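# Structural characterization, general
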Amino acid sequence: MIELLKQPWPWYTSGAAIAGIMFLMLFFGKSFGFSSNLRAICTIAGAGKSVKFFDFDWKAQQWNLLFLVGAVLGGILSATLLKSEAPVKLAASTIRDLQTIGIHFDGQLNPSQLFGMNFLTVKTLVLLLSGGMLVGFGSRYAGGCTSGHAISGLSNLQFPSLIAVIGFFVGGLIMTHLIFPLIFSL
Amino acid sequence: MKSLKFVLTGILFGVIMTKSEAVSWYRIQEMFRFQSFHMYGIIGTAIVLGTLGVFLIKQFKLKDSQGNAIEFKDKDKT
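Conventions we followed
Residues numbered from 1 in each chain as written. Chains lettered and ligands numbered in written order. Predicted model: local features only at pLDDT ≥ 70, side-chain atom pairs only at ≥ 80, totals over all residues. Helix = DSSP H or I, 4+ residues; strand = E, 2+ residues; numbered from the N terminus. Rg over C-alpha atoms; globule rule 2.2 N^0.38 Å. Buried ≥ 20, exposed ≤ 12 C-beta atoms within 10 Å, placed from the backbone. Contact = placed C-beta atoms within 7 Å. pLDDT = per-residue confidence, 0-100. Expected span 1.5 Å × (residues − 1). Nonpolar A, V, L, I, M, F, W, Y, C, P; charged D, E, K, R; others polar.

This part covers the overall build of chain B. Counting its secondary structure elements, chain B contains three helices and zero strands. When the helices and strands of chain B are read in sequence order from the N terminus, they spell out α-α-α. Against the 2.2 N^0.38 benchmark of 12 Å for 78 residues, chain B shows a C-alpha radius of gyration of 17 Å, more extended than a compact globule. Taken over the C-alpha atoms alone, chain B extends approximately 45 × 30 × 25 Å along its principal axes. Within chain B, the fraction of its 78 residues that count as buried is 41%.

This is how it looks when you write it as C-alpha cells:
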C-alpha cells in the first residue's frame, strides 16, 4: 500500500481527489478556498487596526487555518515517508528551455537553486519575497486563488471566477515567457 | 474532534498536491510552456467532477454533516 502511495500519482487520480476535498469541505458545511487564510493571518498579526478589510472575526475562519496546518503536515509527510526516489518525469523540452535561462533540473519537485537553503542569496531572497507579495496581493484583489476560483468557483459556474482564472493564466504566461528571461539573465 | 477533521482533510490535501506534483515549480513551468498535459489533466478532472458534483448537490438539495442545506455563495463581481 505504502509503495503504491509512494509513486507519483497520475493526473486523473489527483484531479478526482482534489474534487473530493472540495466535497468533503462542503459536507463539513464549509467551502474550499485557501487564500482566505492570508486575510485571517494578517488579521491575527494586527492588520485590522489600520485597514478595515482586516477588521473581522478571524476565529470564524479557524477551521480554514487548521486545514492549512494540515496541508503543510501533508506536504511534510509526502516529502519524507511517502517520498518517491525517482526524479520528476519532466518533459525534455522543459528541461532544455529552463537550461537556457540558467535553471538546472535536479529531479526534485522544486529547483534547489531557487528554494534551497544553500543557494540563499540576496537575489533569491528578493525574488521569493516579491513573488510571495504578488501572490498575496493578487489572490486578495481577485477574491480567491486557484482553489477558490478555479476549483470551487468554476465548479459552481461563477463568471467572475472564469475571468480570474484567465487572468491567473495570462499572468503566468507573461511571467514565464517575458519576465523570466529578464530576471534570470540578471 | 471537530477541529481534527479539518487538520486531517488538510493532510490529505497536502499529500494530494505533493504526490500529484502540482506543487512543483518545474511542473508549473512545463504547464506555462505547454509541454505536458499533466497539470491541465489535474485541474480539468477536478473541475469536471466538481461541476458535476455541485450540480447534483443542488439538484438533490443535499445537506451537510450538521443537517443544514449546502449553500453556494456567488463570487463578488467587484
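When you go through chain A residue by residue, the secondary structure sums to nine helices and zero strands. Going residue by residue from the N terminus, the α and β elements of chain A occur as α-α-α-α-α-α-α-α-α. Referenced to the eigenvectors of the C-alpha coordinate spread, the extents of chain A come out at roughly 45 × 45 × 35 Å. Looking at chain A residue by residue over its 186 residues, the buried ones come to 28%. Sequence-distant contacts, at least 24 apart, represent 51% of the contacts inside chain A between residues at least 6 apart.

This next bit is on the confidence of the model for chain B. Averaged over every residue, the pLDDT of chain B is 94; residues scoring 70 or more account for 97%. We note a pTM of 0.92 for the whole complex and an ipTM of 0.94 for its interfaces.

Residues and elements named next belong to chain A. Taking 1.5 Å per residue as the helical rise, helix H7 (residues 122-142) with its 21 residues ought to reach 30 Å, and the 30 Å between its terminal C-alpha atoms agrees with that figure. Within H7, only two of the 21 residues are buried, which leaves it mostly out in the open. Directly beyond the C-terminal end of H7, a positive phi value near 75 degrees is found at Gly143.

So, on to the interface of chain A and chain B. With 61 residues of chain A at the contact, the number on the chain B side is 52 residues. Only helix H2 (11-27), helix H4 (62-79), helix H5 (92-100), helix H8 (146-155) and helix H9 (159-185) of chain A provide two or more residues apiece to the side of chain A that touches chain B. By residue number, the principal contributor to the side of chain A that touches chain B is H2(A), which donates 15 residues. Taken together, the residues of the side of chain A that touches chain B break down into 41 nonpolar, 19 polar and one charged.

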